[in-house]
Amino acid sequence: MTQARPNQTPLNETRHDHILILDFGSQVTQLIARRLRESGVYCEIWPFNHAPESRIKAYNPKGIILSGGPCSVTEENSPRAPACVFEMNVPVLGICYGQQTMVEQLGGKVEPGDTREFGRAYVDVMAHNALLDGVWDKGAHEQVWMSHGDRVTKIPPGFEIVGKSEGAPFAMIADESRRFYAVQFHPEVMHTPRGGELLKNFTHKVSGCSGDWTMAAFREEAIAKIRAQVGKERVICGLSGGVDSSVTAVLLHEAIGDQLTCIYVDNGLMRAGESQQVVDLFKNHYNIPLIHEDASKRFLSALAGISDPETKRKTIGGLFIDVFEDCAKRVGGAAFLAQGTLYPDVIESVSFTGGPSVTIKSHHNVGGLPEKMNLKLVEPLRELFKDEVRVLGVKLGMHPDFVKRHPFPGPGLAIRIPGEITPEKLDILRKVDTVYLDEIRNAGLYDAIWQAFAVLLPVKTVGVMGDGRSYDYACALRAVTSTDGMTADYYPFDHGFLGRVATRIINEVRGINRVTYDITSKPPGTIEWE
């Protein structure tokens with residue numbers, strides 16, 4: 001989907017108590033927001049250099065969090081928090097780099113450390129304050145997660161030491177009179193076991209947030225916003241069959257009824273039975289006007305002979321725009337295009353350095369459609385994270401099995417078939433994927449896995465089947481655990497499970513004679529193969 005522009009924030013009309021997170025480029029800044037949202041507190045992430053003082057003051061947050069980041073405050077021109085952060089009489093929490101810039105800006109000192117701390121560490125709690133209330137007691141020895149080379153060597157006037165670690169003598173500091181708190185570790189990651197409780201103390205006990213951010217409240221507010229934005233105009237929504245676009249469509253239909261028409265472009269790259277499920281759900285169950293365009297032959301013809309993964313993605317994306325535009329003309333008179341843009345899309349559209357982050361791979365999207373078709377955007381989910389979208393889907397009456405489905409890439413099975421795409425390969429992969437997911441569900445493991453799928457490898461291997469030799473394809477199975485898709489570990493299936501799956505695949509899927517399991521984490525690998 002087209003990424004939202006950062007200058008459209010703030011997203012919320014400040015009906016709820018809210019926290020501002022200033023981002024200095026940490027890879028885990030989104031986890032701070034996730035933890036706050038989980039405790040019922042609305043928050044937004046702004047790059048530090050897209051947060052002028054006037055904007056921060058107008059946003060009027062109940063508290064401010066300064067994130068970690070890759071820079072060193074000892075370097076010239078390293079990032080700093082706007083001065084008003086410390087002058088607004090609101091609580092401030094600095095995390096990692098956020099602690100260090102707070103210290104430097106308020107009169108303390110940071111220096112390169114003799115020893116660095118990366119990964120698991122332990123903090124000795126030396127004092128008690130509101131941030132620790134009910135979580136850590138004075139004298140406790142608590143596990144945290146560190147990632148720093150520099151360290152605070154002198155704290156600013158008014159601060160006291162609250163905790164220390166082996167590599168950070170001022171691992172926790174506070175000025176309670178001004179409600180300024182700073183920690184060298186990362187409370188937002190799961191490797192700091194009670195870090196979420198510390199963040200909740202900051203939002204609820206220190207900042208006074210009521211925790212009134214719920215999907216029930218969001219649903220009613222979103223419907224009112226959609227009606228106010230759209231009025232009596234017509235809206236078209238591109239359905240991919242995934243959770244984000246599906247929840248967008250159901251929410252829009254609840255708000256504006258038959259003013260909405262959905263367009264589902266079947267590119268021939270979906271899993272077994274998926275296109276029919278989409279049609280049944282939206283056309284028959286929800287009775288939402290739907291154009292179902294079977295363009296599978298066009299897509300497979302365009303992909304013939306293409307092996308390069310980036311070329312495949314761009315071919316699929318370009319053809320999708322052409323097909324979608326043709327379908328939209330049949331609707332006639334639409335003024336808006338609805339998209340399932342999520343909050344991570346908004347965040348990632350600008351990095352802390354002011355430019356886009358490094359591109360790992362291009363994504364199938366509808367970029368350019370709004371401008372090309374002279375349409376205005378409706379993005380009702382752009383305040384939400386993925387887990388919040390799933391909760392909203394259930395609130396809208398969607399079946400939990402549907403909204404809990406594993407992520408599926410925009411280019412579909414095309415990026416799970418390294419090399420050229422052919423109808424034969426697609427048929428084999430669909431059958432393998434069906435058996436694999438069936439066994440995962442039978443074992444009761446589907447909800448414990450972030451994403452599971454099969455890959456058809458571009459090699460054939462020799463096998464023995466019956467009394468003869470075979471020369472068929474090999475496949476790889478992939479299953480990962482993750483909280484956000486940014487990092488992932490492979491799922492530790494037992495060998496009995498893998499043996500059962502491999503036996504079923506080889507017995508039931510003609511064309512496969514060898515099954516492998518991918519045990520690569522992310523990083524260094526990615527979740528998908530292409």
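Residues numbered from 1 in each chain as written. Predicted model: local features only at pLDDT ≥ 70, side-chain atom pairs only at ≥ 80, totals over all residues. Heavy atoms only, no water.

Student: Can you walk me through the overall build of the chain in this structure?
Tutor: A count of helices and strands for the chain gives 15 helices and 18 strands. For the chain, whose C-alpha radius of gyration is 25 Å, the value lies close to the compact-globule estimate of 24 Å for 530 residues. When burial is assessed residue by residue, the chain has 57% of its 530 residues classed as buried. Excluding contacts between residues fewer than 6 apart, the proportion of contacts in the chain whose partners are at least 24 apart in sequence is 77%. Of the roughly 22300 Å² of accessible surface on the chain, a fraction of 49% belongs to carbon and sulfur atoms. Charged side chains of the chain number 57 positive and 65 negative; the gap between the two group centres comes to 3 Å. (Helix = DSSP H or I, 4+ residues; strand = E, 2+ residues; numbered from the N terminus. Rg over C-alpha atoms; globule rule 2.2 N^0.38 Å. Buried < 20%, exposed > 50% of the residue type's maximum accessible area, 1.4 Å probe, protein only. Contact = heavy atoms within 4.5 Å. Areas by Shrake-Rupley, 256 points an atom, 1.4 Å probe, with all protein chains shown as cover. Lys, Arg positive; Asp, Glu negative; His and termini not counted. Charge placed at Lys NZ, Arg CZ, Asp CG, Glu CD.)

Student: Explain the environment of Met126 to me, please; I cannot follow it from the model alone.
Tutor: Take Met126: it is sitting in the loop between strand E5 (109-125) and strand E6 (141-154). Between the C-alpha atoms of Met126 and Gly25, which are 101 residues apart in sequence, the distance is 30 Å. Ignoring anything within four residues of it in the chain, the contact list for Met126 reads Lys138, Ile161, Val162, Gly163 and Lys164.

Student: Whenever I open this one, the sheet that holds strand E12 (residues 290-294) confuses me. Can you help?
Tutor: Whether parallel or antiparallel, the strands of a sheet pair through hydrogen bonds between backbone atoms. Strand order across the open sheet formed by five strands is E12-E11-E10-E13-E14, with parallel pairing between neighbours. Every other strand in the sheet has two partners, leaving E12 and strand E14 (376-378) as the edge strands with one partner each. Averaged over all pairs of adjacent strands, the angle between strand axes in this sheet comes to 30°, irrespective of strand direction. In the sheet, strand E11 (residues 260-266) pairs with E12 via five bridges, with the strands oriented parallel. The partner of Tyr264 across the bridge, within E12, is His292. Packed on one face of the sheet, helix H5 (residues 215-230) meets strand E10 (234-239), strand E13 (334-338) and E14 and runs near 165° to E14. (Pairing = 2+ DSSP bridges. Axes fitted to C-alpha atoms, helices over the stretch in contact; angles between N-to-C directions.)

Student: Quick question: what am I supposed to make of unusual backbone geometry here?
Tutor: Outside of glycine, negative phi angles account for most residues, and trans bonds account for most peptide bonds. Residue Lys522 is joined to Pro523 through a cis peptide bond whose omega torsion reads -15°. As for its position among the elements, Pro523 is in the segment after strand E18 (512-517). With an omega of 15°, the peptide bond between Pro523 and Pro524 qualifies as cis. Tracing the backbone shows Pro524 in the segment after E18. The phi dihedral of Arg179 is positive, around 60°, even though this residue is not glycine. Structurally, Arg179 can be placed in the loop between strand E8 (172-175) and strand E9 (180-183). Using a relative accessible area of 28% as the deciding quantity, one classes Arg179 as partly exposed.

Student: I keep staring at the nonpolar core and nothing clicks. Help me out?
Tutor: Generally speaking, a soluble globular protein has its nonpolar side chains buried in company with each other. Ranked by internal contacts, the top residues of the largest apolar core, which has 73 residues, are Leu22, Ile56, Leu66 and Phe282. The biggest single contributor to this core is helix H6 (residues 243-256), with eight residues. For Leu66, the contacting residues outside a window of four places in its chain are Leu22, Phe24, Ala81, Val85, Phe86, Val92, Leu93, Gly94, Ile95, Gly98, Thr101 and Met102. Core analysis: the next-biggest nonpolar cluster, separate from the first, contains 50 residues, Leu319, Leu375, Leu429 and Leu445 among them. (Core = buried A, V, L, I, M, F, W, Y, C linked by side-chain atoms within 4.5 Å.)

Student: Looking at this structure, I do not really get the packing of aromatic side chains. What am I missing?
Tutor: If you walk through the whole model with that rule in mind, you get 15 aromatic pairs. Relative to Phe493, the ring of Tyr436 has its centre 6.4 Å away and its plane inclined at 70°; by these criteria the two rings are edge-to-face. Of this pair, Tyr436 sits in helix H14 (residues 423-442) while Phe493 sits in the loop between strand E17 (489-490) and helix H15 (495-508); the two residues are 57 residues apart in sequence, bridging distant segments of the chain. A single burial state applies to Tyr436 and to Phe493, both of which are buried. When the centroid spacing of 6.5 Å and the interplanar angle of 80° are considered together, the rings of Tyr490 and Tyr517 count as edge-to-face. Of the two residues, Tyr490 sits in strand E17 while Tyr517 sits in strand E18, which places them 27 residues apart along the sequence. (Phe/Tyr/Trp six-rings, centres within 6.5 Å; stacked < 30°, edge-to-face > 60°.)

Student: Even after reading the chapter, I still don't get the packing of H6 against helix H12 (residues 386-395), so can you show me in this structure?
Tutor: Geometry of a packed helix pair, given as the angle between the helix axes and the separation of the axes. Packing of H6 against H12 leaves a shortest axis separation of 10 Å and a crossing angle of 45°. The orientation of H6 relative to H12 falls into the category oblique. Handedness of the H6/H12 crossing: left-handed. Along the contact surface, H6 presents Val243, Asp244, Val247 and Leu251, while H12 presents Lys386, Val389, Arg390, Leu392 and Gly393. (Parallel < 35°, antiparallel > 145°, perpendicular 65-115°, else oblique. Left-handed = near helix turned anticlockwise from the far one by under 90°.)

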